[in-house]
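This is what each chain is made of:
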Amino acid sequence: MFPASNAFRSSRRSLLAGLGAAVAGLSFSGLEGCAQKGPVGPNGEELKLNLYNWDTYTGKTTLADFKAATGISVNMSLFATNDELFAKLKSGNPGFDVIVPSNEYVTRFRIADLLMPLDLAKIPNRANLLPAFRDPPFDPGRRYSMPYTWLVLGIGYRKSKVDGVPDSWKWIMDSDRYRGRIGVFSEADDMIELGAKYYGHSVRRIPLPVIDQVAEMWIRQKPHIKIFHHDEGQDLLLSGEVDIVMEYNGDIAQVMTEDPDLDFVVPREGSILNSDSLCIPRGAPRPDNAHRFINFLLDGKTGAGVYNTIKYPTPNAAALALMPEDYRNNPVIFPPAEIMARCEYADFEGLDRAHLFDETVTRIFAA
Amino acid sequence: MDESWKKAKGVFAALGAPPVLWLLAFFLVPLAIIWGYSFGENKSLTEIAVDGTFRNYLHAVRPLYLGIILKSFWFAALTTLFCLVVGFPVAIAITFASDKAKSWLLLLIMLPFWTNLLIRTYALMAVLRTEGYINFTLAFLWNGVSHLTALFGHPLGPFQPLELLHNNFAVVFGLVYVQLPFMVLPLYAALDRLDRSLLEASLDLGAGHFTTFRRVVVPLAMPGIVSGILVTLIPSVGAYLTPDLLGGPSSQMIANVIERQFKTANDWPFGAALSFLLMYMTFLAIAVQAIVSRNRRGRER
Amino acid sequence: MSGARAQPGPLEYLRRWPIRAWLAMVVIYLYAPLITLMAFSFNTSRRNIVWRGFTLDWYKAALADSDLIAAFGNSLTIAAVSTLVSVALGALMALLLWRFRFPFKPALEGALGLPIVVPEICMGVAMLVFFTEILPWPTDLIWPFNLGAIIISHISFSFSFVAIVIRGRLASFNRELEEAAKDLGAGEWRIFWDVIVPHMRPGLLAGALLAFTLSLDDFVITFFTSGPDTTTFPVKVYSMVRFSVTPEVNAASTILIVLTVALTAVALKVSGGAVATIEAGEGL
């Protein structure tokens, strides 16, 4: 066992590796011969791809079309928050080929050296991107990521149960008017940063007193909140479990096609912008397939199929050109410019900050 | 047989080596690592150094986390209490049933235990939801009554669904639901060993059923009650799935916090310290039980 | 014991109506959710509450869902392998503790009890760290070797249960049988196979059933050790429940429930009820 003394200083990897070898005495050399070789494609990689994605984030036929075009079958797993994605990969890639982190997490993955640099020659369809998405601050020169969607957090609501348009974070964070019918997205960063936004502060470099103020506000508000959800706010809204919910624009736009009583607004205080990005994690078993898949998603026609289903705004000019009017002029998907001007991207501000946010949220949940 | 291991060293080694090595390599070593991590700290986004710091434990015993642990124990205690109250009559019924009825009843109680925990929790969600089966049934009854009263000119007004899911009630309800068989079985095992003539004597001597229960059955079944409490309490304190799926804004239990340290917050050393804190408390509970039962045995002798 | 039961006396609590009513309510509490879950897997309505008509579409959807089927296959494979190994290890451990006196025996007994009392979440995180830091299990192994990490974790928590059940059974072994066999000239190996193993058999079966259900039931520990190619049925259902609830989940659950009930019934039939009494008697 580990003696709990200061004399015991060692890098954890060498220590644990030694311990492991001593105790288990096991080696996988015998099993290496069993390494999986299913049907192999022309690039020497197995005809398979593990995609780790957000829920409701591909077109109805996207994966089937990719299989028809390349013979590669895609196995999709879902995550609900960026933190979950990061945690799953931080201790070694368990076999994913393509992941979809948001902007500030692209930074975080890069700092942790968990991303494989992209071979841009294998992604000719990047020429389809809108100019605004070609050289973002979180990934200068697009060396590690390709944009898949951009999105904005706002308020989804049921028109018949809400008075007028709830165009302020107040109705979610700081009011008992919709007591017991409020749903809040449980991602720590979003809860703190949007709280700061409500108090008129930027979502970046939030001063400590403001964080405390935000925590106190959430604690005050908690008795009125029905549920802290894991990105299934649109389902809760659709099933009548809540009437007003913090969610992404695309998710609400999706369910609005099923229920005309639903609507979405970006509050007047402004909100957080995200750019969900396609990346290849280090240790991806099938990097060439991953490049092909990313290139496939950036194709105009594929993109149109995706955005028609997921109703998220696209960073892809070729796809946008193929989209119908009711997508291009949809104020839920593309909120008005004066509101968008008040929205901003968040930054990765270091590990201590991440812990502070998490602990603040634990405090809110525990209160 | 209880022979000394020296008499048959070959047999002893052949029997002992596989299970003991397994226990060591695939159970004690993983626990030891977590224990080691609980004295470590994050060096970067991916590196942890085990340097013997007590920081994590100091962090874990702050009021915030102690409060969550306390709340977990409170939920677990409520669960155990309800299981005991609900389960005792069931155990009595099984104990004093005929042989045939007994095996059927046992099966009836144990069958849900053999069904997947996640599925049982999911079934509860469908029952408790705002638009779930309970509210649906209540709305049906309410509307029926409302029709009747409308005949006399007093309709009841629209039905207000009960808020049953996503709150602390749902968590305790769900925990009782999944833990009940664990309480009934040890109770039954203890009651079954009970000397019935003592009960009959008590009843013959004029004590009522309730008095007999209180003065004879409960003291005699105490070991079973204690082990039932323990097997219900320990898993309930560490429950993860039930609060996660049925709970509301204030239903966070300690297992959810531990899970977040590993799966989202990226603070393994702190998560390790929290889980070991939970482990120490479990050991404490078991030690207390062992002492209690030893004292009892001492007195009986 | 049996004397009191023969005469209809004051102790026949099952005949009293308050106890009967109580029992009925408990049974409803335990079964109503499961039965509605199963019933509504045949409902045409997607919203899952109002009965709209009978359909088998959700079963078709569940059976056509290749991810779900793969997860189901994984679960059954893991449960089968982990049961076999757990019963073997558990039986060895039980025999060791039953037969021998040796130093550190109480320590070993204590360690054996650990997997039963350690909170699931602690065991889950321990396995997560173990399989990422010490024994990184290759993810590209051919099926079913890629399930190794999960199988090992499952064996680690189930074989203690098995050992304890079998040891309980061995405690009731009549030593005179062994003496008699020895007197008749049977060797040690012969005694083991012809006398001890037959006596252990109900315990082995009870242990196997327990190990199988524990493995099939486990969510938390698997949740921490599974990867994209090694999803089990509970982990998959969790993801389905978490992201969107459709009657397809009900259909898949119903299949699993029917399967476990059938399996239990077979085990009970084979053992003539010994399984239930042994498991209950051990006071799990």
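Residues numbered from 1 in each chain as written. Chains lettered and ligands numbered in written order. Predicted model: local features only at pLDDT ≥ 70, side-chain atom pairs only at ≥ 80, totals over all residues.

Caption draft 1: Geometry of the overall build of chain B. When helices and strands are counted, chain B shows 13 helices and 3 strands. On C-alpha atoms alone, chain B measures out to a radius of gyration of 25 Å, which is more than a quarter above the 19 Å that the 2.2 N^0.38 rule sets for 301 residues. Projecting the C-alpha coordinates of chain B onto the three principal axes gives extents of approximately 85 × 60 × 35 Å. Put simply, chain B has 301 residues, and 48% of those count as buried. For chain B, the share of sequence-separated contacts (at least 6 apart) that also reach a separation of at least 24 residues comes to 70%. (Helix = DSSP H or I, 4+ residues; strand = E, 2+ residues; numbered from the N terminus. Rg over C-alpha atoms; globule rule 2.2 N^0.38 Å. Buried ≥ 20, exposed ≤ 12 C-beta atoms within 10 Å, placed from the backbone. Contact = placed C-beta atoms within 7 Å.)

Caption draft 2: The overall build of chain C, seen in detail. Helix and strand content of chain C: 13 helices and 1 strand. Counting from the amino terminus, chain C carries its helices and strands in the arrangement α-α-α-α-β-α-α-α-α-α-α-α-α-α. Within chain C, counting contacts between residues at least 6 apart in sequence, those at least 24 apart form 80% of the total.

Caption draft 3: Here's a closer look at the interface of chain C and chain B. Taken together, the contact pairs 71 residues of chain C with 83 residues of chain B. Residue contributions to the side of chain C that touches chain B peak at 11 residues, all from helix 6 (residues 120–134) of chain C. Among the residues making up the side of chain C that touches chain B, the classes are represented as 54 nonpolar, 10 polar and 7 charged. Where strand 1 (residues 3–4) of chain B lies against strand 1 (residues 100–101) of chain C, 2 bridges are found, and the strand directions are parallel. Bridge pairing in strand 1 of chain C links Glu3(B) to Phe100(C). (Nonpolar A, V, L, I, M, F, W, Y, C, P; charged D, E, K, R; others polar. Pairing = 2+ DSSP bridges.)

Caption draft 4: Layout of the sheet that holds strand 4 (residues 98–99) of chain A. All names here are of chain A. Strand order across the open sheet formed by 3 strands is 3-2-4, with parallel pairing between neighbours. The open sheet terminates on both sides in strands that have one partner only, identified here as strand 3 (73–79) and strand 4. Looking at chain direction, strand 2 (residues 48–54) and strand 4 are connected through 2 bridges and run parallel. Pairing of Leu51 across the sheet is with Val98, part of strand 4.

Caption draft 5: Geometry of helix 5 (residues 103–111) of chain A. All names here are of chain A. With respect to burial, helix 5 is a largely interior element, 7 of its 9 residues being buried. When we look at burial in helix 5, the residues that qualify are Asn103, Glu104, Tyr105, Val106, Thr107, Arg108 and Phe109. Where helix 5 is buried, its residues meet helix 4 (82–90), strand 10 (272–278) and strand 11 (344–345). Looking one or two places after helix 5, you find Asp113, whose phi comes out positive at around 60°.

Caption draft 6: Structural view of the domain arrangement of chain C. All names here are of chain C. Each assigned domain of chain C is listed with its residue range as follows: domain 1 (2–42) and domain 2 (59–281). Relative to domain 2, the C-alpha centre of domain 1 lies at a distance of 30 Å. Counting residues at the interface gives 5 residues for domain 1 and 6 residues for domain 2. Looking at the side of domain 1 that touches domain 2 residue by residue, the class counts come to 4 nonpolar, 1 polar and no charged. (Domains from an automatic or database assignment.)

Caption draft 7: Summary view of unusual backbone geometry. All names here are of chain A. We note that Asp113 has phi near 60°; this positive angle belongs to a residue other than glycine. Among the secondary structure elements, Asp113 is positioned in the loop between helix 5 and strand 5 (146–158). The exposed category is assigned to Asp113, around which 10 C-beta atoms lie within 10 Å. Phi angles above zero are rare outside glycine, and Arg142 is one such case at about 50°. Within the secondary structure layout, Arg142 lies in the loop between helix 5 and strand 5.

Caption draft 8: Region of the structure containing the nonpolar core. Val98(A), Leu187(B), Leu274(B), Val125(C) and Ala126(C) are the most contacted members of the largest nonpolar core, which has 265 residues in total. Setting aside chain neighbours within four positions, we find Leu274(B) in contact with Ala60(B), Tyr65(B), Ile254(B), Val257(B), Ile258(B) and Gln261(B). (Core = buried A, V, L, I, M, F, W, Y, C linked by C-beta atoms within 7 Å.)

Caption draft 9: Summary view of the packing of helix 5 (residues 117–128) of chain B against helix 7 (residues 168–192) of chain B. All names here are of chain B. Where helix 5 meets helix 7, the closest approach of the two axes is 10 Å, and the angle between their N-to-C directions is 135°. Between helix 5 and helix 7, the interaxial angle falls into the category oblique. The hand of the helix 5/helix 7 crossing is right-handed. Contact residues: Leu117, Arg120, Thr121, Leu124 and Leu128 in helix 5; Ala170, Gly174, Tyr177 and Val178 in helix 7. Classifying every residue of the contact of helix 5 with helix 7 by side-chain character gives 6 nonpolar, 2 polar and 1 charged. (Axes fitted to C-alpha atoms, helices over the stretch in contact; angles between N-to-C directions. Parallel < 35°, antiparallel > 145°, perpendicular 65-115°, else oblique. Left-handed = near helix turned anticlockwise from the far one by under 90°.)

Caption draft 10: Layout of the environment of Ser41(C). Residue and element names in this part refer to chain C. One can find Ser41 in the loop between helix 2 (17–39) and helix 3 (57–64). Remark: the alpha-carbon pair of Ser41 and Asn250, spanning 209 residues in sequence, is separated by 4.9 Å. Setting aside anything within four residues of it in sequence, one finds Ser41 in contact with Trp58, Pro247, Asn250, Ala251 and Thr254.

Caption draft 11: Highlighting the pairing of strand 8 (residues 244–248) of chain A. Residues and elements named next belong to chain A. Where burial is concerned, most of strand 8 is hidden: 5 out of the 5 residues are buried. Relative to strand 8, strand 6 (residues 182–185) is paired through 2 bridges, and the arrangement is parallel. The residue bridging Gly183 from the neighbouring strand is Val245, located in strand 8.

Caption draft 12: View of the confidence of the model for chain B. Per-residue confidence for chain B averages 87 on the pLDDT scale, and 98% of its residues sit at or above 70. Summarising per-element confidence for chain B, the mean pLDDT is lowest in strand 1 of chain B (82) and highest in helix 3 (residues 63–95) of chain B (93). (pLDDT = per-residue confidence, 0-100.)

Caption draft 13: Up close: helix 2 of chain C. At Tyr31(C), helix 2 of chain C shows its maximal bend, which comes to roughly 40°, and the proline Pro33(C) appears one to four places after that position. Along helix 2 of chain C, the residues classified as buried are Leu23(C), Leu30(C), Pro33(C), Leu34(C) and Leu37(C). (Bend = angle between axes of the 7 residues up to and from the residue.)

Caption draft 14: Examining the environment of Pro313(A) more closely. All names here are of chain A. By the secondary structure assignment, Pro313 is in the loop between helix 12 (300–310) and helix 13 (317–322). Take Pro313: there are 22 C-beta atoms within 10 Å of it, and that puts it in the buried class. Placed 161 residues apart in sequence, Pro313 and Val152 show a C-alpha to C-alpha distance of 9.3 Å. Apart from residues no more than four positions distant in its own chain, Pro313 is found in contact with Thr149, Trp150, Leu151, Ile333 and Phe334.

Caption draft 15: Looking closely at the environment of Thr79(B). Residues and elements named next belong to chain B. Along the chain, Thr79 falls in helix 3. Separated by 11 residues in the primary sequence, Thr79 and Val90 have C-alpha atoms spaced 16 Å apart. Setting aside its immediate chain neighbours within four residues, Thr79 contacts Val172, Leu175, Val176, Gln179, Thr232 and Ser236.

Caption draft 16: Here's a closer look at the confidence of the model for chain C. Residue and element names in this part refer to chain C. Model confidence for chain C is summarised by a mean pLDDT of 83, while 89% of its residues fall at 70 or above. The least confident element of chain C is helix 1 (residues 2–6), whose mean pLDDT is 44; the most confident is helix 4 (residues 66–99), at 93. In this model residues 1–8 is a low-confidence stretch, pLDDT under 50, and it forms 4 contacts with partners more than four residues away in sequence or in other chains. Interface confidence for the predicted complex, expressed as ipTM, amounts to 0.85; the pTM equals 0.84.

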